[in-house]
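Structural overview
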Amino acid sequence: MTNERASVKTLSRAALTKRLVQSLKHDEAVIGGIGNANFDLFGAGHRPQNFYMLGSMGLACPIALGVALAQPERGVIALEGDGSILMGLGCLATIANLKPRNLTIVIWDNGIYQITGKQMAATGGATDIVAVARGAGIAAGEWVRDEAHFDKLIARRFEDGGPVLLAAKIDDEPGKVQTVRDPSLIRNRFMKGLGTSRGGVLDV
């Protein structure tokens, strides 16, 4: 374990998600990974620019990358669990090579596969996800030290470059609410929120 990783505080995932949503000012797209990542996103404040993953582990970052490339002037944030990012580490190399300046990746790291029974993940042992991201070529990778540091990192300007990967050591509190489990409705509402649909779709 790196000294940087060992020195950070354990924070509330739900509280950080709420701080993130409250900081959004420019219709940023937010992609919530499966399980608690999207439960907290929905609970923090439902927005048409939120996309909630349902049962597709490891795909929040690839979807966020696609949105970031398609709409380079829109801020795009991926919220992903440590277990999910471990399933798709190749996407970090792709993101590093494509260099979308408008993409921010937030990894919620509690070192376990929480939804399936709290089995230990590799990040609960020797694997430092920030070091992995830096090794893949994402130079702007940082551990979140505390809430104020999180606010500062999230408020970055695109002119400062990107992509950025932030990892937060978080608790294992379960999400308090769940999203509507209707993939077509989620997709259509998200497309409308990004201005890629003519509308006529019911909101949730």
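In what follows, the structure referred to is the one given above.
So, here's what we can say about the structure. Each chain carries its own residue numbering, running from 1 in the written order of its sequence. Restriction of local features to residues with pLDDT of at least 70 applies here, the model being predicted, together with a cutoff of 80 or more for giving and counting side-chain atom pairs; totals for whole chains, interfaces and linings are based on all residues. Each side-chain value is derived from all of the structure's non-hydrogen atoms; neither hydrogens nor water enter the calculation.

**Some points on the environment of glycine 125**
- Every helix listed is a DSSP run of H or I at least four residues long, and every strand listed is a run of E at least two residues long, numbered separately from the N terminus. Relative to the helices and strands, glycine 125 is located in the loop between strand 6 (119-120) and helix 7 (129-136).
- For glycine 125, a relative accessible area of 27% translates into the label partly exposed.
- In this structure, the C-alpha to C-alpha distance between glycine 125 and isoleucine 85, residues 40 residues apart in sequence, is 15 Å.
- In this analysis, two residues are considered to be in contact whenever any of their non-hydrogen atoms come within 4.5 Å of each other. Filtering out sequence-adjacent residues up to four positions away, glycine 125 remains in contact with Arg5 and Met120. We call a residue buried when its accessible area falls under 20% of the maximum for its residue type, exposed when it is over 50%, and partly exposed in between, using a 1.4 Å probe and counting protein chains only.

**Some points on the sheet that holds strand 3 (residues 76-81)**
- At least two DSSP bridges between two strands are required for those strands to pair. An order of 2-1-3-4-8-7 is seen for the six strands of this open sheet, with the pairing classed as parallel. Looking along the sheet, the strands with just one partner apiece sit at the ends: strand 2 (50-52) and strand 7 (140-143). The mean angle between the axes of side-by-side strands here comes to 15°, regardless of whether they run parallel or antiparallel.
- Examined bridge by bridge, strand 3 and strand 4 (residues 103-109) share six bridges and lie parallel to one another. Between N-to-C directions, angles span 0 to 180 degrees; the directions come from axes that are lines fitted to C-alpha atoms, helices contributing only their stretch in contact.

**Side note on the pattern of salt bridges**
- For this document, the term salt bridge refers to a Lys or Arg side-chain nitrogen within 4 Å of an Asp or Glu carboxyl oxygen. Taken as a whole and judged by the stated rule, the model has six salt bridges.
- As a salt-bridge pair, aspartate 151 and arginine 19 come within 2.6 Å of each other at their nearest N and O atoms. Of this pair, aspartate 151 sits in helix 8 (residues 147-154) while arginine 19 sits in helix 2 (residues 13-23), and the two are 132 residues apart along the sequence.
- Under the relative-accessibility criterion, aspartate 151 is labelled partly exposed at 31%.

**Remarks on the packing of helix 2 against helix 8**
- Contact geometry of helix 2 with helix 8 gives a least axis separation of 11 Å together with a crossing angle of 35°. Note on packing geometry: the crossing formed by helix 2 with helix 8 is right-handed. Contacts between helix 2 and helix 8 involve Leu16, Arg19, Leu20 and Ser23 from the former and Glu147, Phe150, Asp151 and Ile154 from the latter.
- Polarity classes work like this: nonpolar for Ala, Val, Leu, Ile, Met, Phe, Trp, Tyr, Cys and Pro, charged for Asp, Glu, Lys and Arg, and polar for all others, with Gly in that last group. Residue composition of the contact of helix 2 with helix 8, by class: four nonpolar, one polar and three charged. Here a crossing is called left-handed whenever its near helix is offset anticlockwise from the far helix by less than a right angle, and right-handed whenever the offset is clockwise.

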